[in-house]
Amino acid sequence: MTTCTPSGVLATKVGDGCAENPYLCYQCKRCTAGCPVAEHAGMHPAQIMRAVQLGQYDMIFDDKFIWLCTGCQTCTTRCPQGIDIATIMDELKIIAWREGKVHPDAPSAAMLKLNYDSFVRWGRMWEVELIARDALRRPKGALEWLSLGPKMLLKGKINPTLKRGDTDAMKRMVKTAESLTRAREQQRRAEPRSGGAAAAPKGDAAPPADKGGGAS
Amino acid sequence: MTSIAYYPGCSLHGTSGEFDASFRATARALDLELVEIPGWECCGNTAAHSINRLLATALPVNELAKVEKDLKLDAVAVPCAACFSRFKTGAHEVARDPAVADDVRSVVGRGYDGGVTVQNLVDVYHDAVGLEALAAKVKRPFRGLKVACYYGCLLTRPPEVTLAEDPEYPTHMDAVVEALGCTAVDWNYKTDCCGASLALTEQDIVDSLVARIVNDARACGAEAIAVACPLCQVNLDGRQTEIARKDSAWVGVPVLFLSQLVGRAIGLDDKTIGVSKHLIDARAVMA
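Owing to the predicted nature of the structure, the values given are computational and were not obtained by experimental measurement.

### Section: the overall build of chain A
Helix and strand counts for chain A come out as 11 helices and zero strands. When its helices and strands are written in sequence order, chain A yields α-α-α-α-α-α-α-α-α-α-α.

### Here we look at the domain arrangement of chain B
All names here are of chain B. Under the domain assignment used here, chain B contains domain 1 (2–119) and domain 2 (137–286). The distance between the C-alpha centroids of domain 1 and domain 2 comes to 24 Å. Taken together, the contacts link 24 residues of domain 1 with 24 residues of domain 2. Counting residues per element, the side of domain 1 that touches domain 2 draws most heavily on helix H2 (residues 17–29), which supplies nine residues. Taken together, the residues that form the side of domain 1 that touches domain 2 break down as 12 nonpolar, 10 polar and two charged.

### A word on the domain arrangement of chain A
Residues and elements named next belong to chain A. Domain annotation for chain A reports domain 1 (9–126 + 162–190) and domain 2 (128–161). Once you take the C-alpha centre of each, domain 1 and domain 2 turn out to be 27 Å apart. Listed as interface residues are eight residues of domain 1 and, on the opposing side, nine residues of domain 2. For the side of domain 1 that touches domain 2, the per-class residue count stands at six nonpolar, two polar and no charged.

### A look at the interface of chain B and chain A
Contacts between chain B and chain A engage 52 residues on the former and 54 residues on the latter. At the level of elements, helix H1 (10–13), helix H3 (45–51), helix H4 (53–70), helix H6 (98–108), helix H10 (203–219) and helix H11 (230–246) of chain B are the ones that each hand at least two residues to the side of chain B that touches chain A. Sorting elements by how many residues they give to the side of chain B that touches chain A places H3(B) first, with seven residues. Of the residues in the side of chain B that touches chain A, the class split is 24 nonpolar, 19 polar and nine charged.

### Re helix H10 (residues 139–154) of chain A
Residues and elements named next belong to chain A. Between the first and last C-alpha of H10 there are 23 Å, a value that for 16 residues agrees with the 22 Å anticipated at 1.5 Å per step. If you look at H10, its biggest bend is around 50 degrees, right at Leu146, and the proline Pro150 turns up within four residues after that. Positive phi shows up at Gly156, right after H10, with a value of about 75 degrees.

### Here's the deal with the confidence of the model for chain A
Here chain A shows a mean pLDDT of 87. Residues at 70 or above account for 86%. Across residues 194–216 of chain A the pLDDT falls below 50, and counting only partners more than four positions away or on other chains, this stretch makes 32 contacts in the model.

### Here's the deal with the sheet that holds strand S4 (residues 117–119) of chain B
Residue and element names in this part refer to chain B. Strand order in the open sheet formed by four strands is S2-S1-S3-S4, and the pairing between neighbours is parallel. The strands lining the two open edges of the sheet, one partner per strand, are strand S2 (32–36) and S4. Sheet twist, expressed as the mean angle between neighbouring strand axes with direction ignored, is 35 degrees. Direction of pairing for strand S1 (residues 2–6) relative to strand S3 (residues 75–77): parallel, over a ladder of two bridges. Opposite Tyr6, over in S3, you have Ala77 as the bridge partner.

### With respect to the environment of Leu54(B)
By the element assignment, Leu54(B) lies in helix H4. By C-beta crowding, Leu54(B) is classed as buried, having 21 other C-beta atoms within 10 Å. If we skip the residues at most four places from it in the chain, Leu54(B) touches Ala177(A), Leu180(A), Thr181(A), Asp103(B) and Val107(B).

### Looking at the nonpolar core
Of all hydrophobic cores here, the largest spans 159 residues; its most connected members are Ile225(B), Ala226(B), Val227(B) and Leu258(B). If sequence neighbours within four positions are ignored, Ala226(B) has contacts with Val147(B), Cys149(B), Tyr150(B), Met173(B), Val177(B), Leu256(B), Leu258(B) and Leu261(B).

### Things to note about the sheet that holds strand S5 (residues 146–150) of chain B
Residues and elements named next belong to chain B. With parallel pairing, the four strands of this open sheet are ordered in space as S6-S5-S7-S8. On the outer flanks of this sheet lie strand S6 (183–184) and strand S8 (255–257), each paired with one strand and no other. Where strand S7 (residues 224–227) lies against S8, three bridges are found, and the strand directions are parallel. Bridging across to S8, Ala226 finds its partner in Leu256. Across the sheet, helix H9 (residues 172–179) is in contact with S5, S6 and S7; its angle to S5 comes to roughly 150 degrees.

### Things to note about the confidence of the model for chain B
Detailed conclusions should not be drawn from predicted coordinates in areas where pLDDT is low. Put simply, chain B has an average pLDDT of 97, and 100% of its residues get 70 or more. The complex model carries a pTM of 0.93, and its ipTM stands at 0.95.

### Details of the packing of H2(B) against helix H12 (residues 258–265) of chain B
All names here are of chain B. Where H2 contacts H12, the axes come no closer than 8 Å and their chain directions differ by 45 degrees. Viewed along their axes, H2 and H12 adopt a mutual orientation that is oblique. Judged by the twist between their axes, the crossing of H2 over H12 is left-handed. Judged by residue contacts, Glu18, Phe19, Ser22, Phe23, Ala25 and Thr26 of H2 engage Ser259, Gln260, Val262 and Gly263 from H12. For the contact of H2 with H12, a count of residues per class yields four nonpolar, five polar and one charged.

### Quick notes on helix H3 (residues 45–54) of chain A
All names here are of chain A. Burial analysis of H3 places seven of its 10 residues in the buried class, which makes it a mostly covered element. Buried within H3 are the following residues: Pro45, Ala46, Gln47, Ile48, Met49, Ala51 and Val52. Packing partners of the buried residues in H3 comprise helix H1 (9–18), helix H2 (30–34), helix H4 (57–61), helix H5 (65–68), helix H6 (74–78) and helix H7 (85–98). Directly beyond the C-terminal end of H3, a positive phi value near 70 degrees is found at Gly55.

### What to know about the environment of Gly115(B)
Locating Gly115(B) in the fold gives a position in the loop between H6 and S4. In this structure, Gly115(B) is in contact with Glu68(B) and Asp74(B), ignoring residues within four places of it in sequence.

### Thoughts on the packing of H4(B) against H6(B)
All names here are of chain B. The contact between H4 and H6 brings their axes to 9 Å, and the two run at 70 degrees. Judged by the inter-axis angle, H4 sits roughly perpendicular to H6. As H4 packs across H6, the resulting crossing turns out to be right-handed. Across from Leu54, Thr57, Ala58, Val61, Asn62 and Ala65 in H4, the residues of H6 making contact are Val100, Asp103, Val104, Val107 and Val108. Each residue belonging to the contact of H4 with H6 can be placed in one class, and the counts come to eight nonpolar, two polar and one charged.

Rules used throughout
Residues numbered from 1 in each chain as written. Chains lettered and ligands numbered in written order. Predicted model: local features only at pLDDT ≥ 70, side-chain atom pairs only at ≥ 80, totals over all residues. Helix = DSSP H or I, 4+ residues; strand = E, 2+ residues; numbered from the N terminus. Domains from an automatic or database assignment. Contact = placed C-beta atoms within 7 Å. Nonpolar A, V, L, I, M, F, W, Y, C, P; charged D, E, K, R; others polar. Expected span 1.5 Å × (residues − 1). Bend = angle between axes of the 7 residues up to and from the residue. pLDDT = per-residue confidence, 0-100. Pairing = 2+ DSSP bridges. Axes fitted to C-alpha atoms, helices over the stretch in contact; angles between N-to-C directions. Buried ≥ 20, exposed ≤ 12 C-beta atoms within 10 Å, placed from the backbone. Core = buried A, V, L, I, M, F, W, Y, C linked by C-beta atoms within 7 Å. Parallel < 35°, antiparallel > 145°, perpendicular 65-115°, else oblique. Left-handed = near helix turned anticlockwise from the far one by under 90°.

As structure tokens, this is what we get:
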């Protein structure tokens, strides 16, 4: 089942959140051609961009693509329209967290949260903790490390101990950033837009500077 | 001796101690004083920019403010490519958008005036030290060891942020290894993604990406792969052992940090630069 939101609502959210204009995409698919994970998901980056333009929530959030995106920035680098597509993928993840639309079968999504919690807790990200907590939650994750983990430990490749950062400073920054982010979100909701079209935060008329090889 | 701030990042204290050790040792030998940022925090890595955009910008800017206001230095070495990307992105965001800069100032508690140059591992050897000064320090040159320089994603992309001259086919790392007596091979996967943190959750995808990268390096004649990112190293090295476990015909290619190659060439001993820490044995190519 696919539900549509009124066209423009999702694009507006994306545009407000990351100052990118999804409507600049004209489906050349250079993003998809260079994407290292496109072949491993149901959707590919150009399809995600179209779905954002059309407000197709479920098409995006029922697929695992955004959680497989490695943030390699190839799409952003090659987009002839100068759209920061990798940032739009991040914004879609942020919307998914905020609106309870995180894919239930995407271990990478859970891993991002474990990672976030780890650096918030210790001031630094503790790699061994991520693997251990993921293994407790997901036995398949533990199986993957049975062979490689001990080899890395024996070689001294992994240092299992942690040196904390300035945890007080970290907690203070996280608290301020989270509350300020919520406040900005409420401000946006309190200022409804007319017409339902996404705000065009940049480049709605002028074409972006050529990044080389885009237009010839 | 030039002083430069140093931000090691979490991976250099976790899975890549030999990256930290070899970087520090080479800097010392190349007359570069590294001043570690006191009480540094995680840069927020992939998780922060997928969860809270403001925090993702504020965390690296907080470190840059420490370098600028507390250490009063004008450059910071960030050898981890992922941290480097977050530092460059943070600085870029506050410089281009005053509203973002205001919110970041609220989170950090003070402003950052943009006075710090962020250098990745390649920049340190190529620009801060310089190719001539580096070549002059070489005591044990490699005798033409064929090296594939793997830049991965974030040293060069996106170019608006990194200001990389040639984001699709960079050559600065190639110039550094040539200064050490290596032969840099031309190959196709210099800037392709290794799968990054998917190695924790989607190993099959990472294995297919790593196999493609290593197969091309080998086919182009490389005897070793040089990297400048802890995650690239652990993926290319570690996943090769997993690929080899399933494919007995797999011929491993050793994966070394650029700092280890520099260290070997300027005469540091194997133990200092951690040559034996890798799963694909690198001792033969470093002998």
